[in-house]
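Next come the chains, spelled out residue by residue.
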Amino acid sequence: MCGDESIAKMTDDLMPSRRRFLEFTGVGVGTAVAGCTELSEEGTPTADDQSEPTEQTGTTGDGSGGSGSGDGSRRVSVAVEPDQQALQETRSDIQQRLQEEEINQTEAQQEFAAAQQELVAEAVADVETAVEEAGATVEDALEAQGLLLVAGPADGLIDLLDAEATGGLLSADVFEQVRSQQGQQS
């Protein structure tokens, strides 16, 4: 019989949370987001600093903070989040099977990771559909990390935030940073 401590650990291991999602998608996205926050804090003038704006890496020079041409087109990284309710249901099912000793701890973790990856893939597909509907295009994807590089009209990109699976819009540079970190880990 599984002990209460083992079940508690399984609950912690399978509990879908923003922190767990960031662990799953890789520390790269979290690090890149933190790096982008630092850039915007250092490179963006505040209300107290009305002097000339400073150049930022990854900007278009028009103050928009995104990459793109001067025609209103922009490039952004789109962070994708899987369906949290489906993750919770999967976790509950796996936890119950673990308690009933149908599977062991290792099998439970493997099943949950596979289910999580499948849900990320579904979320990526949903966001890709929203990208098309917004008149934008997916230039590249790191599907396992739930990160897309998207180009299109600025207002269409903002509309992507309405897609349920969109976790956020980030600088286009984030995509390259995550890809670079992924290459270094391989």
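Everything below is about the structure printed above this text.
Residues numbered from 1 in each chain as written. Predicted model: local features only at pLDDT ≥ 70, side-chain atom pairs only at ≥ 80, totals over all residues. Heavy atoms only, no water.

Asks: Please explain unusual backbone geometry as it appears in this structure.
Replies: A positive phi angle, near 60°, is found at Glu101, a position not held by glycine. Looking at the element boundaries, Glu101 is found in the loop between helix H4 (84-99) and helix H5 (105-133). (Helix = DSSP H or I, 4+ residues; strand = E, 2+ residues; numbered from the N terminus.)

Asks: Please explain the packing of H4 against H5 as it appears in this structure.
Replies: The description of two helices packed together rests on the angle between their axes and the distance between the axes. As a packed pair, H4 and H5 sit with axes 10 Å apart at the nearest point and diverge in direction by 165°. By the angle class used here, H4 and H5 are roughly antiparallel. Read as a crossing pair, H4 and H5 show a hand that is right-handed. Seen from H4, the contacting residues are Ala86, Leu87, Thr90, Arg91, Ile94, Arg97 and Leu98; seen from H5, they are Gln105, Ala108, Glu111, Phe112, Ala115, Gln116 and Leu119. (Axes fitted to C-alpha atoms, helices over the stretch in contact; angles between N-to-C directions. Parallel < 35°, antiparallel > 145°, perpendicular 65-115°, else oblique. Left-handed = near helix turned anticlockwise from the far one by under 90°. Contact = heavy atoms within 4.5 Å.)

Asks: What should I look at first to understand the pattern of salt bridges in this one?
Replies: Two side chains that carry opposite charge are able to pair once their charged atoms sit near each other. Counting across every chain of the model gives 6 salt bridges. The residue Asp140 makes a salt bridge to Arg179 at a minimum N-O spacing of 2.4 Å. Of this pair, Asp140 sits in strand S2 (residues 137-142) while Arg179 sits in helix H7 (residues 172-185), placing them 39 residues apart in sequence. Across the salt bridge formed by Glu176 and Arg179, the nearest N and O atoms sit 3.3 Å from each other. In this pair, Glu176 and Arg179 are both assigned in helix H7, 3 residues apart and thus about one turn of the helix distant. One salt-bridge network, in which partners are shared between bridges, spans Asp93, Arg97, Glu102 and Glu111. (Salt bridge = Lys/Arg side-chain N within 4 Å of Asp/Glu carboxyl O.)

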